[in-house]
Amino acid sequence: MSSSSILVLGGPDCGKTNFIGRLWLSLNSRRHALVAIEVPPNIDYVLDTAEHLCAGRFAPRSEHTEARRDFEVVVGRTDGRSRAKVVIPDISGELWKNAVESAELDAAWMEAMGNADGALLFVRVGSEENIEALNWVTSGRLLAKLGKRAKSGIPTQVMLCELLRFLELKLARRTNGSAPKVAVVVAAWDSVDPATSAKGPERFLAKNYPLFAGRLQDTTLSTKVFGLSIVGGDLQHDDAYREQFLEGSIDEHGWISACDQGGDNWVKNSDLTLPIAWVADL
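Residues numbered from 1 in each chain as written. Predicted model: local features only at pLDDT ≥ 70, side-chain atom pairs only at ≥ 80, totals over all residues. Heavy atoms only, no water.

Draft legend 1. Molecular detail of the pattern of salt bridges. On inspection of all chains with the given rule, the structure shows 5 salt bridges. Between D13 and R124 there is a salt bridge, with its nearest N and O atoms 2.7 Å apart. Here R124 lies in strand β5 (residues 118-124) and D13 lies in the loop between β1 (2-9) and α1 (16-29), a separation of 111 residues in the sequence. Between D281 and K181 there is a salt bridge; the shortest N-O distance is 2.6 Å. Taken as a pair, D281 in the segment after α11 (274-279) and K181 in strand β6 (residues 181-187) lie far apart in primary sequence, 100 residues in all. On the basis of relative accessibility, which here comes to 15%, the residue K181 falls in the buried class. (Salt bridge = Lys/Arg side-chain N within 4 Å of Asp/Glu carboxyl O. Helix = DSSP H or I, 4+ residues; strand = E, 2+ residues; numbered from the N terminus. Buried < 20%, exposed > 50% of the residue type's maximum accessible area, 1.4 Å probe, protein only.)

Encoded structure:
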């Protein structure tokens, strides 16, 4: 059995915690490409997150603590042909943010990156933690007239570029000599309008995070972009969907938007294990 350590990284409020809870529900359902071969130990926080999601609530943002809560699970294909131990180290969004701002990362986490076989890099549509890169000549005057202050800190797309740089520096090439894989996951993809959804998350990144989108085209890593909906719809603003969700009349909660093999169309797939399967070559 092979072992794949997969980093899940991104800034605060980017959707990592809810994804891990939803990933466990998908693995445990045994209905998708990957299934859980064994029940992993010490997954109380994952089960708590899953419970929140099943009740129609998103889990609260995780806070960084000294106690690590790595998620480790043995997964395999439903056809039984291959399996791997997937380890997702517990690294908070605040830690990644601080690492980018200070250009320093604790030695233990640097080691975790060096031992990883690939990564999932998250950015969430509409997060209050997202910081836009402003044109201070024009935007500063406009905000002053409106009596508002711009958010301080490193713009989100700059932080994403720095996280990608960390991965380029630390992820080792695979045993077959191929480049490490990084899946870029655009969370809350169900919240975009139909026209944006049809064009796909790559076009969304190009429009809203052009620096990062360009960086993805100039990297030593193998990258692929996915759209992600944790619960399949808008639980906060769509009362009809929320009612169906809580009644259990929706067969599959959540989906992945992935580009088809032809590379022309973005297709919804209820299998939320797809980014993990792609990164781990399963």
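So, next bit.
Draft legend 2. Representation of the nonpolar core within the structure. One finds F19, F71, L120, F122, L228 and I276 to be the most contacted residues of the largest nonpolar core, which totals 41 residues. A total of 5 residues in this core trace back to one element, the largest contributor, which is α1. Beyond its immediate sequence surroundings of up to four residues, F71 is in contact with I20, L23, W24, P40, I43, Y45, V46, V86, V87 and I88. Grouped together as the second largest cluster of nonpolar side chains are 38 residues, L7, W96, Y209 and L216 included. (Core = buried A, V, L, I, M, F, W, Y, C linked by side-chain atoms within 4.5 Å. Contact = heavy atoms within 4.5 Å.)

Draft legend 3. Main features of the packing of helix α3 (residues 93-102) against helix α6 (residues 156-170). Between α3 and α6, whose axes approach to 10 Å, the crossing angle comes to 90 degrees. The angle between α3 and α6 places the two elements in the roughly perpendicular class. Of the residues in α6, those touching α3 at W96, K97, A99 and V100 are M159, E162, L163 and F166. (Axes fitted to C-alpha atoms, helices over the stretch in contact; angles between N-to-C directions. Parallel < 35°, antiparallel > 145°, perpendicular 65-115°, else oblique.)

Draft legend 4. Structural view of α6. End to end, α6 covers 21 Å across 15 residues, agreeing with the expected 21 Å (1.5 Å per residue, within 8%). Those residues of α6 that fall on the buried side of the exposure criterion are T156, Q157, M159, L160, C161, L163, L164, F166 and L167. (Expected span 1.5 Å × (residues − 1).)

Draft legend 5. How the structure looks around α1. Over its 14 residues, α1 runs 20 Å from end to end, which matches the ideal 20 Å to within 8%, given 1.5 Å per residue. Turning to α1, its buried residues number three or more, namely K16, N18, F19, I20, G21, R22, L23, W24, S26 and L27. Looking at the residues trailing α1, positive phi occurs at R30, about 60 degrees.

Draft legend 6. Spotlight on the packing of α1 against helix α2 (residues 44-54). Interaxial distance between α1 and α2 falls to 8 Å at its minimum, and their mutual angle equals 90 degrees. Of the possible angle classes, the one that applies to α1 and α2 is roughly perpendicular. In this structure, α1 contributes T17, N18, I20, G21, R22, W24 and L25 to the contact, and α2 contributes Y45, V46, L47, T49, A50, L53 and C54. The residue makeup of the contact of α1 with α2, split by class, is 9 nonpolar, 4 polar and 1 charged. (Nonpolar A, V, L, I, M, F, W, Y, C, P; charged D, E, K, R; others polar.)

Draft legend 7. Just a negative patch on the surface, in detail. On the surface, a cluster of negative charge is contributed by D238, D239, E243 and E247. Structurally, E247 can be placed in helix α10 (residues 239-247). (Patch = residues over 30% accessible without salt bridge, like charges linked within 9 Å, V, L, I, M, F, W, Y side chains within 5 Å. Areas by Shrake-Rupley, 256 points an atom, 1.4 Å probe, with all protein chains shown as cover. Lys, Arg positive; Asp, Glu negative; His and termini not counted. Charge placed at Lys NZ, Arg CZ, Asp CG, Glu CD.)

Draft legend 8. A look at the packing of aromatic side chains. Evaluation of the coordinates by the stated rule reveals 5 aromatic pairs. Residues W189 and F204 carry aromatic rings whose centres are separated by 5.6 Å and whose planes lie at 80 degrees to one another, so their mutual orientation is edge-to-face. Separated by 15 residues along the polypeptide, W189 in the loop between β6 and α7 (194-199) and F204 in helix α8 (residues 201-208) bring together distant segments of the chain. Three or more aromatic residues joined by ring pairs make a cluster, and in this case those are W189, F204 and Y209. (Phe/Tyr/Trp six-rings, centres within 6.5 Å; stacked < 30°, edge-to-face > 60°.)

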